[in-house]
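Coordinate analysis (summary)
So you can see what is in the structure, the chains are spelled out below.
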Amino acid sequence: MPEKAPEKAKVAVLISGTGTNMAALLYASRLPNSAFDIVLVASNKADAAGLALASGEGIATSAHSHKGMEREEHDQIMEKAVLDAGAEYIILAGYMRILSPEFTERWHGRMLNIHPSLLPKYRGLETHKRAIEAGDAVSGASVHLVSSELDAGEVLGQIEVKITADDTPETLAERVKLAEHQLYPRVVNDYVGRIFDADWLLSQVRHLALALPETEERPSHGAPGWRTGGKSGKYFAYFSDKHHGVEHIALLAKTSGQDEMMALIDRDPDTFFKPAFYGASGWIGIILNRAGCDWDQVEHWLKRSWQAVAPKRLTKLLDAADEF
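Residues numbered from 1 in each chain as written. Predicted model: local features only at pLDDT ≥ 70, side-chain atom pairs only at ≥ 80, totals over all residues. Heavy atoms only, no water.

**Description of the overall build of the protein**
Summing up its helical and strand segments, the protein has ten helices and 13 strands in all. By sequence separation, contacts in the protein at least 24 residues apart represent 57% of the contacts at least 6 residues apart. Just so you have it, the protein exposes about 16,800 Å², and 52% of that area is on carbon and sulfur atoms. Positive and negative side-chain charges of the protein, numbering 35 and 45 respectively, have mean locations separated by a distance of 5 Å. (Helix = DSSP H or I, 4+ residues; strand = E, 2+ residues; numbered from the N terminus. Contact = heavy atoms within 4.5 Å. Areas by Shrake-Rupley, 256 points an atom, 1.4 Å probe, with all protein chains shown as cover. Lys, Arg positive; Asp, Glu negative; His and termini not counted. Charge placed at Lys NZ, Arg CZ, Asp CG, Glu CD.)

**Side note on helix H9 (residues 295–309)**
Over its 15 residues, H9 runs 22 Å from end to end, which matches the ideal 21 Å to within 8%, given 1.5 Å per residue. Among the residues making up H9, those that are buried are Val298, Trp301, Leu302, Ser305, Trp306 and Val309. Looking down the long axis of H9, one finds its buried residues gathered within 130° of arc, a one-sided arrangement. The backbone nitrogen of aspartate 296 lies 3.0 Å from a side-chain oxygen of the residue at the head of H9, namely aspartate 294. (Expected span 1.5 Å × (residues − 1). Buried < 20%, exposed > 50% of the residue type's maximum accessible area, 1.4 Å probe, protein only. Arc of directions from axis to C-beta. Polar contact = N/O pair within 3.5 Å; in protein donor to acceptor, adjacent residues only side chain to side chain.)

**Topic: the sheet that holds strand E10 (residues 235–241)**
In space, the six strands of this open sheet follow the order E8-E9-E10-E11-E13-E12, with antiparallel pairing throughout. On the outer flanks of this sheet lie strand E8 (215–217) and strand E12 (272–273), each paired with one strand and no other. Set on the sheet, helix H8 (residues 258–267) makes contact with E12 and strand E13 (283–287); between it and E13 the angle comes to about 25°. Sitting on the sheet, H9 touches E8, strand E9 (225–228), E10, strand E11 (249–254), E12 and E13, and the angle it makes with E11 is about 35°. (Pairing = 2+ DSSP bridges. Axes fitted to C-alpha atoms, helices over the stretch in contact; angles between N-to-C directions.)

**A closer look at the pattern of salt bridges**
Side chains bearing opposite charge may pair, as long as their charged atoms lie close to each other. Counted according to the given criterion, the structure contains 13 salt bridges. The residue aspartate 37 makes a salt bridge to lysine 8 at a minimum N-O spacing of 3.9 Å. Linking aspartate 37 in strand E2 (residues 36–43) with lysine 8 in the segment before strand E1 (9–15), this pair joins segments that are 29 residues apart in sequence. Judged by relative accessible area, aspartate 37 falls into the partly exposed class, the value being 34%. Notably, a salt bridge pairs glutamate 216 with arginine 227, separated by 3.1 Å at the nearest N-O pair. Of the two residues, glutamate 216 sits in strand E8 while arginine 227 sits in strand E9, which places them eleven residues apart along the sequence. (Salt bridge = Lys/Arg side-chain N within 4 Å of Asp/Glu carboxyl O.)

**Here we look at the nonpolar core**
Membership of the largest hydrophobic core comes to 38 residues, with the highest contact counts inside it found for Ile38, Val41 and Tyr184. Elements supplying a minimum of two residues to this core: E1, helix H1 (20–28), E2, helix H2 (49–56), strand E4 (89–92), strand E5 (111–115), strand E6 (138–145) and helix H6 (169–193). Take this core: its biggest share by element is nine residues, from H6. Each residue touching valine 41, except ones within four places of it in the same chain, is listed here: Val13, Ile15, Met22, Leu51, Ala54, Ile59, Ala60, Thr61 and Ser62. Of all hydrophobic cores here, the second largest spans 29 residues; its members include Leu251, Ala253, Met261 and Phe272. (Core = buried A, V, L, I, M, F, W, Y, C linked by side-chain atoms within 4.5 Å.)

**Remarks on the packing of H1 against H6**
Following both chains from N to C, one finds H1 and H6 inclined at 45°, their axes separated by 9 Å at the closest point. Comparing the axis directions of H1 and H6 gives the class oblique. Taken as a pair, H1 and H6 cross one another with a handedness that is right-handed. Contact with H1, carried on its side by Thr20, Asn21, Ala24, Leu25 and Ala28, involves Lys177, Glu180, His181, Tyr184, Pro185 and Val188 of H6 and no other residues of that element. In terms of residue class, the contact of H1 with H6 is made up of six nonpolar, three polar and two charged. (Parallel < 35°, antiparallel > 145°, perpendicular 65-115°, else oblique. Left-handed = near helix turned anticlockwise from the far one by under 90°. Nonpolar A, V, L, I, M, F, W, Y, C, P; charged D, E, K, R; others polar.)

**Overview of the sheet that holds E6**
Think of a sheet as strands paired side by side through backbone hydrogen bonds, with each pair either parallel or antiparallel. A sheet is described by the order of its strands in space; here seven strands give the open sequence E3-E2-E1-E4-E5-E6-E7, paired in mixed fashion. Taken across any chain shown, the strands that pair with only one partner, and hence form the sheet edges, are strand E3 (61–63) and strand E7 (155–162). Adjacent strand axes in the sheet meet at a mean angle of 20°, parallel and antiparallel pairs treated alike. Lying on the sheet, H2 is in contact with E1, E2 and E3; it crosses E3 at an angle near 155°.

See below:
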């Protein structure tokens with residue numbers, strides 16, 4: 001039986017012009033180690049040169065002018081195209097629009113941008129001119145998550161470009177653009193690919209589990225597990241990395257029993273499954289290696305499962321902490 005191709009994140013790229021960063025992302029997406037596929041290139045300008053490049057490479061395109069429209073209305077049109085294409089992430093690549101706070105909030109943690117400075121320096125425009133006038137030795141580019149505040153989201157990666165004595169804003173911009181083409185695909189690949197990476201997923205679960213009162217990590221049957229502390233401590237969660245032949249990387253947590261477990265699976269089979277061995281005792285598998293994993297939901301199940309086995313003195317500690 002041929003080996004199943006690794007799952008890839010689906011991304012939409014928004015552009016307003018030539019789309020050189022989009023092109024860098026597109027060709028990087030075709031390398032063997034790529035964690036993403038571009039499913040749409042969209043623009044607020046129908047004559048954006050990058051649309052023709054994408055179309056010629058077989059990528060779906062969409063364009064809708066923002067002229068004469070309210071910002072929120074145009075954002076909704078662009079977002080609909082993104083969702084219709086099945087994209088799970090939005091990558092801004094020279095998209096010259098300030099997005100509405102509602103749009104950025106809906107895509108919190110799933111929208112990336114590249115900016116031509118070493119943030120937090122020089123947010124906004126004329127970054128190269130400002131860096132030269134400040135006498136900086138280096139400029140560069142930053143990839144960051146998009147937030148409602150301009151160029152203020154978490155920085156995911158940066159690259160430096162030296163400023164020479166005879167640089168102008170134009171010559172510096174040319175070299176920074178070349179650097180962007182190296183940085184952007186790598187950061188996007190690392191960021192969207194981590195949702196399929198067992199080590200990263202384990203680190204997230206571990207952080208949430210160990211935040212619960214008097215919890216300790218202890219392996220069980222070769223898998224990481226978490227239990228309440230002390231000699232009489234009981235397990236409330238396990239981390240399953242495709243154990244027993246299943247394709248899922250998952251958190252295993254306690255339910256109230258078989259009825260609730262099966263009801264959860266029937267209602268949302270893309271999130272829940274019956275784990276081998278543990279399922280017979282009413283434990284539920286919560287799939288982690290998927291786009292759109294709800295980490296608030298993961299935290300909820302960890303806390304609920306912990307409460308099911310923790311002694312009353314500990315549950316009172318958690319209840320008290322939740323009040324603040």
